[in-house]
Amino acid sequence: MAKFYMISSLALLLVIGFVSGFATKNDEIGIYDLKKGNISLKLTNYGGHVISIFVPDKHGKRADIVLGYDSISEYKNDSSYFGATVGRVANRIAGAKFTLNGTLYKLVPNEGKNMLHGGPKGFSKVVWKVKRHEPEGHAPYIVFSYKSHDGEEGFPGELQVIVRYTLLHNDRLSILMKAKALNKATPVNLANHAYWNLGGQNSGDILSEEIQIFGSHYTPVDNQLIPTGKIESVDGTPYDLLKPTIIGSKIQKLPNGYDINYALDGSGGKRLKKAAIVHDKKSGRVMQLYTNQPGLQFYTSNSLTQKGKGGFVYKPHAALCLETQGFPDSVNHPNFPSQIVTPGKTYKHVMLIKFSTL
């Protein structure tokens with residue numbers, strides 16, 4: 001097991017890449033470990049990225065199951081959001097604008113005329129402070145915090161955000177995202193953008209993996225992937241994944257692959273609900289995802305071509321993303337669940353991920 005130690009020079013990190021257990025002051029970029037039992041994580045406070053997650057297969061062999069890079073500089077140049085914490089508003093906002101309480105807010109577009117994942121300098125491109133870090137023990141955890149200023153990327157009001165990653169017993173990972181609007185009402189929709197491949201990050205594509213998504217409805221989109229405002233049944237469509245389904249068996253029925261938001265069943269309560277199950281039969285790894293959010297973006301890295309960890313080249317369908325979230329572009333669709341957080345109220349987003357083998 002790698003020990004937790006200090007390196008004084010950030011330049012050294014940029015030259016040699018990641019060093020296990022690297023820690024820095026709050027205003028610097030560091031790499032942090034969490035380890036409990038069979039599971040270990042590496043994270044960085046640059047963009048709140050998850051760098052790696054090692055879990056065992058059915059034979060006890062551990063492998064890294066998330067895509068990523070070997071150096072901080074690559075994360076700074078990343079356009080795929082590998083393992084990032086995205087916000088202030090994840091997913092797309094049509095025309096990079098919305099009206100709130102009679103005021104039109106013009107945002108910074110970064111996908112044509114639309115905004116994606118908080119803009120060109122969203123939360124995935126800032127340095128988060130490290131509030132606390134316990135790398136080992138009963139429940140290893142790390143807490144990142146960030147204060148977003150009024151007008152950042154065009155959004156109104158100051159926003160105080162924390163993200164906490166915790167390893168729990170029985171091979172579980174908890175991700176808690178909380179935000180408080182300090183002086184103005186503002187939309188908030190944070191998401192974790194990990195790219196999962198349960199066979200291992202360098203094992204090829206995910207087309208043979210089996211998925212089940214507990215959403216009987218979805219939000220159709222136009223040719224710019226902006227929701228039309230409708231909420232339709234998955235029945236009779238390739239989006240029907242209510243029963244365990246091999247991803248490759250239906251993906252050819254879609255123009256490019258999956259990139260769609262599901263309206264999760266059982267939304268509206270405070271209790272966590274099951275959002276998805278993924279099973280890689282070759283390795284035996286299983287991932288179960290629970291959340292308190294109403295939506296889940298299922299994305300199969302349809303146009304990915306990127307050199308990643310160890311020089312491995314990630315190609316289309318090299319991974320899948322399961323981004324629990326509010327519905328995309330909800331600020332422009334009053335019939336969608338609201339993402340507006342007012343001063344005195346707290347936004348809370350919970351993900352619970354259970355790892356096991358079959």
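Bear in mind the structure is a predicted one, so any value in this text is a computation, not a measurement. (Residues numbered from 1 in each chain as written. Predicted model: local features only at pLDDT ≥ 70, side-chain atom pairs only at ≥ 80, totals over all residues. Heavy atoms only, no water.)

Considering the overall build of the protein
Using the following cut-off: By the criteria applied, helices consist of DSSP H or I runs no shorter than four residues and strands consist of E runs no shorter than two, each listed in order from the N terminus. Throughout, the radius of gyration refers to the C-alpha atoms, and the reference size of a globule is 2.2 Å times the residue count to the power 0.38. Here's how the labels work: a residue is buried when its accessible area is under 20% of the maximum for its type, exposed when over 50%, partly exposed in between, all with a 1.4 Å probe on protein chains only. We call two residues contacting when some pair of their heavy atoms lies within 4.5 Å.
Within the protein, the secondary structure is distributed over 3 helices and 30 strands. On C-alpha atoms alone, the protein measures out to a radius of gyration of 19 Å, which is about the 21 Å that the 2.2 N^0.38 rule sets for 358 residues. Seen through its principal axes, the protein has C-alpha atoms that stretch 55 × 45 × 35 Å. Looking at the protein as a whole, 58% of its 358 residues are labelled buried. Within the protein, residue pairs in contact and separated by at least 24 positions form 64% of the contacts whose partners lie at least 6 positions apart.

Here we look at the environment of His-117
Applied cut-off: Here a polar contact is recorded for every N or O atom pair within 3.5 Å, except that within protein the pair must consist of a potential hydrogen donor and a potential acceptor, and residues adjacent in sequence are included only if both atoms are side-chain atoms.
One can find His-117 in the loop between strand E11 (115-116) and strand E12 (129-134). Along the sequence, His-117 and Pro-140 sit 23 residues apart, while their C-alpha atoms lie 28 Å from each other. Setting aside chain neighbours within four positions, we find His-117 in contact with Tyr-81, Val-86, Gly-87, Val-89, Ala-90, Asn-91, Gly-122, His-193 and Glu-323. There is a polar contact of 2.9 Å between the side chain of His-117 and the backbone nitrogen of Asn-91. Within the structure, the side chain of His-117 is placed 3.4 Å from the side chain of His-193, a separation counted as a polar contact.

What about the pattern of salt bridges?
Let me state the cut-off plainly: Salt bridges are identified by distance alone: a Lys or Arg side-chain nitrogen within 4 Å of an Asp or Glu carboxyl oxygen.
Per the counting criterion, the structure on display carries 6 salt bridges. For Arg-92, the salt bridge goes to Glu-111, with nearest N and O atoms at 2.7 Å. One end of the pair, Arg-92, is in strand E8 (residues 92-93); the other, Glu-111, is in the loop between strand E10 (103-106) and E11, with 19 residues separating them in the sequence. Overall, the relative accessible area of 8% leaves Arg-92 in the buried class. A salt bridge links Glu-158 to Lys-147; its shortest N-O distance comes to 3.7 Å.

Here's the deal with the nonpolar core
The cut-off we apply is this: By nonpolar core is meant a set of buried Ala, Val, Leu, Ile, Met, Phe, Trp, Tyr and Cys residues that side-chain atoms within 4.5 Å join together.
One finds Ile-53, Trp-196, Phe-298, Leu-322 and Phe-355 to be the most contacted residues of the largest nonpolar core, which totals 60 residues. In contact with Leu-322, not counting residues within four places along its chain, are Trp-196, Ile-211, Ala-276, Val-278, Met-287, Leu-289, Leu-296, Gln-297, Phe-298 and Met-351.

So, the UniProt feature "binding site: beta-D-galactose" (unreviewed entry) in the protein
Rule in force here: UniProt positions are given in the numbering used here, feature names are shortened, and annotations may be inferred rather than shown by experiment.
As annotated in UniProt, the feature "binding site: beta-D-galactose" (unreviewed entry) corresponds to Asn-91, Arg-92, His-193, Ala-194, Tyr-195 and Asp-259 in the numbering used here. Counting through the fold element by element, Tyr-195 comes out in the loop between strand E17 (191-193) and strand E18 (210-213). Here Tyr-195 is in contact with Ile-65, Val-66, Leu-67, Ser-80, Tyr-81, Phe-82, Gly-83, Tyr-299, Ser-301, Ala-319, Leu-320 and Cys-321, once residues within four sequence places are set aside. You can see Asp-259 is positioned in strand E22 (residues 259-263). By relative accessible area, Asp-259 is classed as buried at 17%.

Remarks on the sheet that holds strand E14 (residues 159-168)
Test applied: Strands pair, by our definition, only if DSSP identifies at least two bridges between them.
Strand order in this open sheet of 9 strands is E12-E13-E14-E15-E30-E24-E23-E18-E21, and the pairing throughout is antiparallel. Of all the strands in the sheet, just E12 and strand E21 (245-246) have a single pairing partner and so form its edges. Inspection of the sheet shows strand E24 (residues 285-291) paired to strand E30 (residues 346-357) by 7 bridges, in the antiparallel sense. Across the sheet, the residue bridging to Val-286 is Ser-356, located in E30.

Some remarks on the packing of aromatic side chains
We count it as follows: Here a Phe, Tyr or Trp ring, Trp counted by its six-membered ring, pairs with any other such ring whose centre lies within 6.5 Å, and the pair is stacked when the planes are under 30 degrees apart, edge-to-face when over 60, and tilted otherwise. Charge-over-ring placement is defined geometrically: NZ (Lys) or CZ (Arg) within 6 Å of the ring centre, and within 35 degrees of the ring normal.
Within this structure, the stated rule accounts for 17 aromatic pairs. Ring centres of Phe-123 and Tyr-146 lie 5.3 Å apart, and the angle between their planes is 65 degrees; on these two criteria the pair is classed as edge-to-face. In this pair, Phe-123 is assigned in the loop between E11 and E12 and Tyr-146 in strand E13 (residues 141-148), connecting sequence segments 23 residues apart. As far as burial versus exposure is concerned, Phe-123 and Tyr-146 are alike and both buried. The interplanar angle of 40 degrees and the centroid separation of 4.6 Å between the aromatic rings of Tyr-218 and Tyr-239 together place this pair among those described as tilted. One end of the pair, Tyr-218, is in strand E19 (residues 217-219); the other, Tyr-239, is in the loop between strand E20 (232-233) and E21, with 21 residues separating them in the sequence. For the pair Tyr-218 and Tyr-239, one class covers both residues: buried. Here a set of aromatic residues connected by ring pairs shows up, and it is made of Tyr-69, Tyr-75, Phe-82, Tyr-195, Tyr-299, Phe-312 and Tyr-314. When the ring centre of Tyr-141 is taken as reference, the NZ or CZ atom of Arg-164 above it lies at 3.8 Å.

Structural notes on the side chain of Thr-300
Here Thr-300 lies in the loop between strand E25 (295-299) and strand E26 (306-307). By relative accessible area, which is 0% here, Thr-300 ends up buried. Within the structure, Thr-300 has its side chain in polar contact with the backbone nitrogen of Tyr-258 (distance 3.0 Å). Excluding anything up to four places from it in sequence, Thr-300 contacts Ile-206, Ile-247, Ile-251, Gly-257, Tyr-258, His-317, Ala-319 and Leu-320.

Observations concerning unusual backbone geometry
Residues apart from glycine generally show negative phi values, whereas peptide bonds are mostly found in trans. Cis geometry is adopted by the peptide bond preceding Arg-88, which originates at Gly-87 and carries an omega value of 10 degrees. Secondary-structure assignment places Arg-88 in the loop between strand E7 (84-86) and E8.

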